[in-house]
Amino acid sequence: MSDFQNEMNRTVQSFVAQITELARRAAVNTLESAFSGRVSRTDGAPAAALATVGVARAGRPRGGRGAKRTPADLEALSEKFASFVKTNPGLRIEQINKELGTTTKDLALPIRKLIAEGGISVKGQKRSTTYFAGKKAKK
């Protein structure tokens, strides 16, 4: 190899070694803080900086995304969806989400329940599914 290639390889290897060392130190700090229940830094940076960046709480977060919805919330969403479908039959989920300001993930459970109860009926499969008022639609 040429001198240029040798120098380039040494520089890259040095850079990789530095990054590896930094990642190892960060992992050790994170593990130490997780096991001791406190956050500590060896480089003198404030402990709060690491707490907001790398340390996650164990278990499911309270509220926010991923929180379990209450039965009342699910019922309200079901009624909202069913009444919208009754007045706007034949729309796909993307169109319904746009109008209701929801996501497909939010509506998946209420839709399954409404279909099982007969509150709505569906035609098509996957993304081409269209929704209609069912035989047992609430009046």
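Keep in mind it's a predicted model, so treat the numbers as computed, not measured. (Residues numbered from 1 in each chain as written. Predicted model: local features only at pLDDT ≥ 70, side-chain atom pairs only at ≥ 80, totals over all residues. Heavy atoms only, no water.)

Further remarks concern helix α5 (residues 104-117). A turn of α-helix holds 3.6 residues, and therefore any two residues three or four places apart point the same way. Between its first and last C-alpha, α5 extends 19 Å over 14 residues, near the 20 Å set by a 1.5 Å rise per residue. In the structure, α5 departs most strongly from a straight axis at P110, where the bend amounts to approximately 25°. Residues L107, P110, I111 and L114 constitute the buried set of α5. The secondary structure elements touched by the buried residues of α5 are α3 (71-87), α4 (93-100), β2 (120-123) and β3 (130-133). (Helix = DSSP H or I, 4+ residues; strand = E, 2+ residues; numbered from the N terminus. Expected span 1.5 Å × (residues − 1). Bend = angle between axes of the 7 residues up to and from the residue. Buried < 20%, exposed > 50% of the residue type's maximum accessible area, 1.4 Å probe, protein only. Contact = heavy atoms within 4.5 Å.)

To continue, consider the nonpolar core. Side chains that are nonpolar tend, in soluble globular proteins, to be buried together. Counting residues in each nonpolar core, the largest one holds 12 residues, listed as L77, F81, F84, V85, I93, I96, L100, L107, I111, L114, I120 and Y131. When contributions to this core are tallied by element, the ones reaching two or more residues are α3, α4 and α5. If you tally residues by element for this core, the top one is α3, at four residues. I93 has contacts with F81, T104, L107, I111, T129 and Y131, leaving out every residue within four places of it along the chain. (Core = buried A, V, L, I, M, F, W, Y, C linked by side-chain atoms within 4.5 Å.)

Here we take up the packing of aromatic side chains. Two descriptors summarise a pair of aromatic rings, namely the distance from one centre to the other and the angle between the planes of the rings. Applying the stated criterion across every chain, the model contains one aromatic pair. Aromatic pair F81 and Y131: ring centres 5.6 Å apart, planes at 80°, arrangement edge-to-face. In this pair, F81 is assigned in helix α3 and Y131 in strand β3, connecting sequence segments 50 residues apart. For F81, a relative accessible area of 0% puts it in the buried group. Residue Y131 is classed as buried on the basis of its relative accessible area of 9%. (Phe/Tyr/Trp six-rings, centres within 6.5 Å; stacked < 30°, edge-to-face > 60°.)

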